[in-house]
Amino acid sequence: MDGIPIIYATKERRFKVDLFTFDCPKCGKTHTHGYGEGHRVSHCHDSDLFPQGYILKEKRNEPI
């Protein structure tokens, strides 16, 4: 998917459900999506910020 940005999200568990969350680099709000890597439609109020959505990837803690 050329030209679609990649966003790295953190896996969280809320109410027994796995989710992805991240602080949006465009609108500054925290967005939540269902868990799983792949293409998503933007949750920004201004749909022009990510007109083609984004690709979510899991942010992994790498050992030091």
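Preceding this section is the structure that the text describes.
Nothing here was measured: the structure is a model prediction, and the numbers come from that model.

Each value, and the rule that gives it
- Residues numbered from 1 in each chain as written.
- Predicted model: local features only at pLDDT ≥ 70, side-chain atom pairs only at ≥ 80, totals over all residues.
- Heavy atoms only, no water.
- Salt bridge = Lys/Arg side-chain N within 4 Å of Asp/Glu carboxyl O.
- Buried < 20%, exposed > 50% of the residue type's maximum accessible area, 1.4 Å probe, protein only.

## Re the pattern of salt bridges
- Evaluation of the coordinates by the stated rule reveals five salt bridges.
- In this structure, Arg14 and Glu12 form a salt bridge, with 3.0 Å as the shortest nitrogen-oxygen distance.
- Residue Arg60 is joined to Glu58 by a salt bridge in which the shortest nitrogen-to-oxygen separation is 3.5 Å.
- Given the relative accessible area of 55%, Arg60 is considered exposed.
- Residue Glu58 is classed as buried on the basis of its relative accessible area, which comes to 15%.

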